[in-house]
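Working through the structure, step by step
The primary structure of each chain is shown beneath.
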Amino acid sequence: MMMTARKIGKHTMKKWIFSVLLMFCTIPAVAQESNDSIFKGRIENAEYQVWIEMNFYENNVKVPQQAVLGELPGYFGAKRDSRKWPILDADIKGNTATITLVNDYGSEDLVATLTHNADGTYTLVQKSGSTLKIAVNNKWVKIPKKLVLKRP
């Protein structure tokens, strides 16, 4: 009888150790999952009527009317302009992503950072290259070098 109790004790101890190890292994995965939604979805700026559609994790966003480009990290769009600025790449470091955008003709490009702020908003800062602009009533409207966007 003592031999059986000892086997049960070892088996129970192994299960307990395995459970604890499994718990510690899944904690970073759960924490990572919540961060994997920061640069995914749609963010907007109501004043300029512009938005960014993005998924910097899976790079699976299709730009409307530009299927030839395939799946990308995202694009910059405007309500008053049908043209899009595709996002060619996105490099995430913490709460900031460095992105490269190009206009729909490929004649202008720029590098910008998109930062997720503590208050839940995002700040797009144009760092180098061309100026981000949209056409409104047949006139170019420059988007400010620093633009705050938020989830709809």
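Residues numbered from 1 in each chain as written. Predicted model: local features only at pLDDT ≥ 70, side-chain atom pairs only at ≥ 80, totals over all residues. Heavy atoms only, no water.

Taken as a whole and assessed by the stated rule, the structure comprises 2 aromatic pairs. Ring centres 5.6 Å apart and planes at 15° place the aromatic pair F39 and F56 in the stacked group. Pair noted here: F39 is in the loop between α1 (2-35) and β1 (40-45) and F56 is in the loop between β2 (50-55) and β3 (61-62), with a separation of 17 residues, a long-range link. What makes F39 buried here is its relative accessible area of 0%. Relative to Y122, the ring of F39 lies with its centre 6.3 Å away and its plane at 65°, an arrangement referred to as edge-to-face. Linking F39 in the loop between α1 and β1 with Y122 in strand β9 (residues 122-129), this pair joins segments that are 83 residues apart in sequence. Assessed through its relative accessible area of 1%, Y122 is described here as buried. Through successive ring pairs, a cluster of aromatic residues spans F39, F56 and Y122. (Phe/Tyr/Trp six-rings, centres within 6.5 Å; stacked < 30°, edge-to-face > 60°. Helix = DSSP H or I, 4+ residues; strand = E, 2+ residues; numbered from the N terminus. Buried < 20%, exposed > 50% of the residue type's maximum accessible area, 1.4 Å probe, protein only.)

Attention now goes to unusual backbone geometry. Not every positive phi belongs to a glycine, and N59 is a case in point at roughly 50°. The topology assignment puts N59 in the loop between β2 and β3. N59 gets classed as partly exposed once you look at its relative accessible area, which sits at 34%. Phi is positive for N137, close to 55°, though the residue is something other than glycine. Mapped onto the fold, N137 is located in the loop between β10 (133-136) and β11 (139-142). Classification of N137 by relative accessible area gives exposed; the value is 71%.

Moving on, we get to the pairing of β10. Of the two faces of β10, both are covered, the one formed by K133 and A135 as well as the one formed by I134 and V136. Judged from the 4 bridges that link them, β10 and β11 form a sheet pairing that is antiparallel. Considered in β11, the bridge of V136 is made with K139. Between β10 and β11, which pair antiparallel in sequence order, lie 2 residues; one of them, N137, sits at a positive phi of approximately 55°. (Pairing = 2+ DSSP bridges.)

This brings us to the nonpolar core. Core analysis: the largest hydrophobic core is formed by 26 residues, its most contacted members being I52, F76, L114 and L124. Elements that contribute at least two residues to this core include exactly β2, β5 (74-78), β6 (81-93), β7 (96-102), β8 (109-116), β9, β10 and β12 (146-149). By size, the runner-up hydrophobic cluster in this structure holds 5 residues, among which are V61, V63, L72 and Y75. (Core = buried A, V, L, I, M, F, W, Y, C linked by side-chain atoms within 4.5 Å.)

Moving on: the confidence of the model for the chain. Looking at the chain, the pLDDT average stands at 85 and 78% of residues meet or exceed 70. Here residues 16-33 is modelled with pLDDT under 50, and outside its nearest four sequence neighbours on either side it reaches 0 contacts, counting other chains as well. (pLDDT = per-residue confidence, 0-100. Contact = heavy atoms within 4.5 Å.)

Here we take up the pattern of salt bridges. Using the criterion set out here, one finds 6 salt bridges in the structure. Put simply, E53 and R42 hold a salt bridge, and the shortest N to O gap is 3.8 Å. In this pair, E53 sits in strand β2 while R42 sits in strand β1, placing the two residues 11 residues apart along the sequence. The exposure class assigned to E53 is partly exposed, which follows from its relative accessible area of 24%. In this structure, the salt-bridge partner of K133 is E108, at a minimum N-O distance of 3.3 Å. Placement of the pair is K133 in strand β10 and E108 in the loop between β7 and β8, with a sequence separation of 25 residues. (Salt bridge = Lys/Arg side-chain N within 4 Å of Asp/Glu carboxyl O.)

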